[in-house]
Amino acid sequence: MSCGCGKDGGCEKPVFFAKEPPGTNGVKAPWWMKAFRITRVRVFSQAFFFGLFFFFIYVTWFSRLKGYPVSLFLEVDPLVGIATAIATHTVYRHLVWSLWLIIPTLLLGRWFCNWMCPYGTLHQFIGWLFNTRRNIDKIAINRYRSIFQLKYIILVVFILLAAFGSLQIGLLDPICIMYRTFTTGIAPANDLAVSSIGGAPWQLFKPGTEEYRVFYATWFVGLVFLGLVGMNLVIPRFFCRVLCPLGALLGFLSRFALWRIDRDVTRCTDCNLCLAHCEGASDPQAALRKSECFVCFNCIDDCPEDALSFRFLPVKKPVLTRQPLSKLPETEVAWPALPRRQLLLTGVLGVLAYPLVRLSAAVNPRAFDKKAIRPPGSVAEPEFLERCIKCDQCINVCPTNVLQPATLMQAGLEGLWTPVMDMRIGFCQLNCTLCSEVCPTGAIQKISTEKKLGVGRYAAAGPISVGTAFFNHGRCLPWAMETPCVVCEEVCPVSPKAIGTYDEQVKRWDGTMVILNKPYMRPELCIGCGICEHECPVADDKAVYVTAVGETRSKDRSLLLRSRQT
Amino acid sequence: MSDEQQFRTERRKENAAAPRERLPGEWPTRREFIKRVGAFALAAGGTAALWKALRDPEGERGKPQEPVFRLKNYRVAPPTGAKVLGVARGSRYDLMLKMAIGAIGGIEHFIRPGDVVLIKPNVAFDRAPKLGATTNPEVLGALIRLVREAGASEIRVADNPIESPENCFAKTGIADATHQAGAKLYMPTPASFEMLEVPGAKLIARWPFFYRPFRGVEKVIGIAPIKDHNLCHASMTTKNWYGLLGGRRNQFHQDIHNIVADLALMMAPTFVVLDASRVLLKNGPTGGDLSDVMEGHTLIAATDQIAADAFGFSEILARKGDLPQYLYHARDRGLGNPDWRSVAIKEEQVG
């Protein structure tokens, strides 16, 4: 049998990896052996996890939620688990599940990157779809480059920031990027398609809202996403190899992996064919860089000499009984290649990065943005910034579209893409606590409606307030325009109402008599839900609007002396 | 065909005949095996154990656990026959202080040798001493020297001003007076505040307090100017404790009289000095014009801060009618006696 390389009988490969089984020269392999060879199983796994991810995104919605673990990908993400543990010294709720990734990585290496990660799958797929390279160019482009160290630098900076109490991993964590992009880009794009085109196939993934969702951040998040995916055309798996902090963390753990790709130097002819489809650019043709290998098994598949295998505890320097064939005797580079001096500089960078993000007035109690209104259940701002990974799952599940990824103006770089509420777009629905359900890290802690509303055993603490509504008398119809209105008072959902009215009969300019109910706030009753602002008919610049002051999650942003803390 | 080529061809034939197997030289040593597998078990088990230890299913453990502290009672029982108020009139502050404190029991009675003493002046604003918005630095200097003579081992001066601390301490003359008299100055930093618990307080049951200078302190003396104040009518010795609090104290004005009564509950000082060397009659509590200020030529020492404030309000500011509400609130809560005419008092002209 020939594999096309023109050499007779030199191309057999062991069972399971083989396109054809060994020792069966000239005999065709049975179909199942081809179908279930491991690289194909890997593709099935990638498709399955990508589908699962897509499914979770889809069911992150009130009527579909049931009991699905919709934030599972974030909860098993060890970068989320470890970085929040460093920042908060605790492991919130389901983040213990990160063990399900940590332990297999300690055994097998960075398998996650090429078996499970939906972003990795997307990169590989796009790279495959748009590949125009010839084999020889593929071999060249898949060689290891020193730029791949950058991800370790990014990881160290993020970990140091977490230790200081500023969690920034979400900017580049692949799972966060995926959730965020699907939430603020792909899902609303589908909404838009349904509302403007209608019918199949968009209707399959019909949106939860009647109106398509809108986000200030879509263009920004989308451009980052497209840019990173597009880089695959320049360097295959650019994000995974160069930037991914989760990959860097798994790469670090892979140093201890018990299994790895092992090259038999008495078989290897230095043909470099193993590089042609190498996903990690991990040098399987020379000393394997354990921390770069994605365990995709393409190299084993591609090796015409049966020189590569995936082995338990391979020996770094085997005692050879035969003269080696390969001219490269090394077999392993265990540690991520980050020279000590570079590591030191990275540490300095991490320390400098902290003031860079923290000294933003936007997140300081003295100058926080009035529109940076956090969802109910959020912990106080310093703790919030220790926890929020900007995954935007809360935004994905929000039924009113009130939750928005914060802009740079609202939250500085430190709080970029963290959730804030825009009451013009939506409002915080009284009996809804979905955002607190899906938050994987406890930035928004899981609350019950009893706790949110301050009833039952929470009666003493009172309801959670996220801000306070204010009237702008100059734009309010009864106050300034002799026109009856008080939609705000009508929709105010708390009992007793947080909006009262001064009722006055006045003679209008045309001589007609009219009763004006001039609204006023009762600040101790207001929960900041913003339905008054959302429903106010003065559409462009509302006559009643909520700002963050008066929120009950900390005294720092309270309004009243007798303020509650919940 | 060269030797090299021949070797390669033969080797490849050899390899093709036999699928790859693990050769004897490719097995790890027992030591290596135990080391690697042991390291894995340790890392996996260690992470699992760590995760279990750090587990926080409700998210409550992750919230900052703010330690709370309570203030000591700094009072010293007055000797028999001591007055509650000592009022000295004159212009030599050292003699006046001696007389006024003498009347309430004498400095040696209150300050024991070796005591660590904290003195709380009012340094709220960046104002020259002559403008009467802050404690008179000469009076403060005289008080520090008096406490030193009584044998105090360490004297600290502390306040949390409204305006920037460094400027306030410098321009009020308080920093110079403190250093010249040999006391230690404490300026507030974010780290010097801790959560104070005041049992029974209506509004400040828990509030951030400028605690760092209070560590190891045995005696506390308040020394406050007497000033007009729009909202609470007069700022004197009880209102002076406002300067020890941090946090959102701009909310205090929503119920200032209960706040000042809470302050009287919060702080049980060794004694207080009402510094009426200058009196800010109007445009308080900031002042800003010499015409707002009257020379008072009076210093009052008291073991009852409520009585001292009531005296200051009626006699020094010479306001008619009701006292400020907070004094009645304090009386109702058993914190002092605003009816200064009924307490033991000694008034004397000195120097």
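So, how was this worked out
Residues numbered from 1 in each chain as written. Chains lettered and ligands numbered in written order. Predicted model: local features only at pLDDT ≥ 70, side-chain atom pairs only at ≥ 80, totals over all residues. Heavy atoms only, no water. Helix = DSSP H or I, 4+ residues; strand = E, 2+ residues; numbered from the N terminus. Rg over C-alpha atoms; globule rule 2.2 N^0.38 Å. Buried < 20%, exposed > 50% of the residue type's maximum accessible area, 1.4 Å probe, protein only. Contact = heavy atoms within 4.5 Å. Areas by Shrake-Rupley, 256 points an atom, 1.4 Å probe, with all protein chains shown as cover. Lys, Arg positive; Asp, Glu negative; His and termini not counted. Charge placed at Lys NZ, Arg CZ, Asp CG, Glu CD. Buried area = accessible area lost by both parts, 1.4 Å probe. Salt bridge = Lys/Arg side-chain N within 4 Å of Asp/Glu carboxyl O. Expected span 1.5 Å × (residues − 1). Polar contact = N/O pair within 3.5 Å; in protein donor to acceptor, adjacent residues only side chain to side chain. Pairing = 2+ DSSP bridges. Domains from an automatic or database assignment. Axes fitted to C-alpha atoms, helices over the stretch in contact; angles between N-to-C directions. Parallel < 35°, antiparallel > 145°, perpendicular 65-115°, else oblique. Left-handed = near helix turned anticlockwise from the far one by under 90°. Nonpolar A, V, L, I, M, F, W, Y, C, P; charged D, E, K, R; others polar. Disulfide = S-S within 2.5 Å. Arc of directions from axis to C-beta. 1 Å grid on protein atoms, 1.4 Å probe; cavity = no way out; pocket = protein on both sides within 12 Å on 5 of 7 lines; lining within 4 Å. Points joined across faces, edges and corners; volume = space filled by probe spheres on them. pLDDT = per-residue confidence, 0-100. Patch = residues over 30% accessible without salt bridge, like charges linked within 9 Å, V, L, I, M, F, W, Y side chains within 5 Å.

Okay, the overall build of chain B next. Regarding its fold elements, chain B presents 10 helices and 13 strands. A globule of 351 residues ought to have a C-alpha radius of gyration of about 20 Å, yet chain B, at 34 Å, is considerably larger. With the C-alpha coordinates aligned to their principal axes, the bounding extent of chain B is approximately 125 × 40 × 40 Å. Residues classed as buried in chain B amount to 53% of the 351 residues present. Relative to all contacts within chain B whose residues are 6 or more apart in sequence, the contacts with residues 24 or more apart total 75%. Approximately 15,500 Å² of chain B is accessible, and the part contributed by carbon and sulfur atoms is 52%. Between the centroid of the 47 positive side chains of chain B and the centroid of its 40 negative side chains there is a distance of 4 Å.

Turning next to the overall build of chain A. Within chain A, the regular secondary structure consists of 23 helices and 11 strands. With the C-alpha coordinates aligned to their principal axes, the bounding extent of chain A is approximately 110 × 55 × 40 Å. In chain A, of all internal contacts separated by at least 6 residues, the share reaching a separation of at least 24 is 73%. Entry remark: accessible area of chain A is about 23,400 Å², with carbon and sulfur atoms responsible for 65%. Charge-centre separation for chain A: the mean point of 60 positive side chains lies 6 Å from the mean point of 44 negative side chains.

In this assembly, 61 residues from chain A lie in contact with 47 residues from chain B. In total, about 4,600 Å² of surface goes out of reach between chain A and chain B, with carbon and sulfur atoms giving 53% of it. In terms of surface lost to chain B, no three residues of chain A exceed Arg311, Leu313 and Leu561 of chain A, which account for 15% of the buried area on that side. Where chain A touches chain B, the interface holds 5 salt bridges. The partner of Glu26 of chain B in a salt bridge is Arg311 of chain A, with the nearest N and O atoms 3.2 Å apart.

Residue and element names in this part refer to chain A. The terminal C-alpha atoms of helix 9 (residues 150–164) lie 21 Å apart, and with 15 residues this matches the ideal 21 Å at 1.5 Å per residue to within 8%. Among all positions of helix 9, only Lys151, Tyr152, Ile153, Ile154, Leu155, Val157, Phe158, Leu161 and Ala162 are buried. Looking one or two places after helix 9, you find Gly165, whose phi comes out positive at around 105 degrees.

Attention now moves to the side chain of Asp301 of chain A. Counting through the fold element by element, Asp301 of chain A comes out in helix 14 (residues 298–302). At 2.8 Å, the side chain of Asp301 of chain A and the side chain of Thr39 of chain A are in polar contact.

Here the focus is the sheet that holds strand 7 (residues 193–197) of chain B. Judged by pairing direction, the sheet is mixed, and its 3 strands sit side by side in the order 2-7-8 (chain B) without closing on themselves. Looking along the sheet, the strands with just one partner apiece sit at the ends: strand 2 (68–69) and strand 8 (206–210) of chain B.

Attention now moves to the domain arrangement of chain B. Interface size is commonly expressed as the accessible surface area that is lost when the partners come together. Structurally, chain B comprises domain 1 (21–65) and domain 2 (69–349). One C-alpha centre belongs to domain 1 of chain B, the other to domain 2 of chain B, and the line joining them spans 61 Å.

Turning our eyes to something else, we now look at the environment of Ser192 of chain B. Residue and element names in this part refer to chain B. Secondary-structure assignment places Ser192 in the loop between strand 6 (184–186) and strand 7. Taking relative accessible area as the criterion, Ser192 reaches 1% and is therefore assigned buried. Residues Ser192 and Arg11 lie 181 residues apart in sequence; the distance between their C-alpha atoms is 77 Å.

Another aspect to go through is unusual backbone geometry. With the exception of glycine, most residues fall at negative phi, and the peptide bonds are largely trans. A cis amide bond links Ser495 of chain A to the next residue, Pro496 of chain A, at an omega of -5 degrees. Relative to the assigned elements, Pro496 of chain A resides in the loop between helix 22 (487–491) and strand 9 (499–507). Here the residue pair Gly284 of chain B and Pro285 of chain B is connected by a cis peptide bond, since its omega of -5 degrees sits within 30 degrees of zero. One can find Pro285 of chain B in the loop between strand 11 (271–280) and strand 12 (293–302). For Asp270 of chain A, which is not glycine, the phi torsion reads 60 degrees and is therefore positive. Position of Asp270 of chain A relative to the elements: it lies in the loop between strand 2 (259–263) and strand 3 (288–289).

Looking now at the packing of helix 10 (residues 174–196) of chain A against helix 11 (residues 218–230) of chain A. Residues and elements named next belong to chain A. Following both chains from N to C, one finds helix 10 and helix 11 inclined at 130 degrees, their axes separated by 9 Å at the closest point. Between helix 10 and helix 11, the crossing angle belongs to the class labelled oblique. Note that helix 10 runs across helix 11; the crossing there is left-handed. Between helix 10, through Ile177, Met178, Arg180, Thr181, Thr184 and Gly185, and helix 11, the contact on the second element is made entirely by Thr218, Val221, Phe225 and Leu228. Residue classes in the contact of helix 10 with helix 11 are distributed as 5 nonpolar, 4 polar and 1 charged.

Another aspect to go through is the domain arrangement of chain A. Partitioning chain A into structural domains gives domain 1 (37–184 + 223–358), domain 2 (361–458) and domain 3 (468–547). In this structure, domain 1 of chain A and domain 3 of chain A have C-alpha centres spaced 56 Å apart.

Quick look at the state of the cysteines now. For the coordinates displayed, the defined rule picks out 0 disulfides over all chains. In this structure Cys244 of chain A is not part of a disulfide, and its nearest cysteine sulfur, from Cys113 of chain A, lies 6.3 Å away.

Residues and elements named next belong to chain B. Here helix 1 (residues 3–17) contains 15 residues, and its C-alpha end-to-end distance of 21 Å stays within 8% of the 21 Å for a straight helix at 1.5 Å per residue. Every buried residue of helix 1 is listed here: Arg8, Arg11, Arg12 and Asn15. The arc that holds the buried residues of helix 1, viewed along the axis, is 100 degrees, so those residues lie on one side. In helix 1, those exposed residues whose orientation departs by more than 90 degrees from the buried face are Asp3, Lys13 and Ala17.

So, on to the layout of surface pockets. Residue and element names in this part refer to chain A. Here the second largest pocket is characterised by a volume of approximately 760 Å³. At the level of secondary structure, the elements contributing two or more residues to the lining of the second largest pocket comprise helix 2 (38–59), helix 7 (118–129), helix 8 (135–141) and helix 14. Residue classes in the lining of the second largest pocket are distributed as 8 nonpolar, 11 polar and 11 charged.

Here we come to the side chain of Thr270 of chain B. All names here are of chain B. Mapped onto the elements, Thr270 comes out in the loop between helix 8 (256–266) and strand 11. Here Thr270 falls in the buried class, since its relative accessible area comes to 1%. Among the polar contacts made by the side chain of Thr270, one reaches the main-chain carbonyl oxygen of Tyr74 at a distance of 2.9 Å. Once you skip the residues sitting within four places of it in the chain, Thr270 turns out to touch Tyr74, Arg75, Val76, Phe110, Lys219, Val220 and Thr303.

A separate point is the pattern of salt bridges. All names here are of chain B. Summed over the entire model, instances satisfying the criterion amount to 46 salt bridges over all chains. Glu32 is the salt-bridge partner of Arg36, the closest N and O atoms lying 3.6 Å from each other. Taken together, the residues Arg36 and Glu32, both in helix 2 (residues 30–54) and 4 residues apart, mark about one turn of the helix. For Glu32, a relative accessible area of 28% corresponds to the partly exposed category.

Along any regular strand, the residues point their side chains to alternate faces of the sheet. Residue and element names in this part refer to chain A. Across the 5 residues of strand 4 (residues 308–312), 4 count as buried, placing the element largely inside the fold. The pairing of strand 2 with strand 4 spans 5 bridges and is antiparallel. Across the sheet, Ile261 pairs through a bridge with Phe310, a residue of strand 4.

Here Glu26 of chain B is to be found in the loop between helix 1 and helix 2. Under the relative-accessibility criterion, Glu26 of chain B is labelled buried at 7%. The contacts of Glu26 of chain B, once residues within four sequence positions are left out, are Asp264, Arg311, Val315 and Pro318 of chain A together with Arg20 and Glu21 of chain B.

Looking at chain A as a whole, its pLDDT mean stands at 91, while 94% of the residues score no less than 70. pLDDT under 50 marks residues 1–26 of chain A. Its contacts with residues more than four places away, or in other chains, come to 52 contacts.

Moving on, we get to a nonpolar patch on the surface. A contiguous nonpolar patch, built from Phe125, Trp128, Leu129, Phe130, Leu233 and Val234 of chain A and spanning about 660 Å² of accessible area, is present on the exposed surface. Along the chain, Phe125 of chain A turns up in helix 7.

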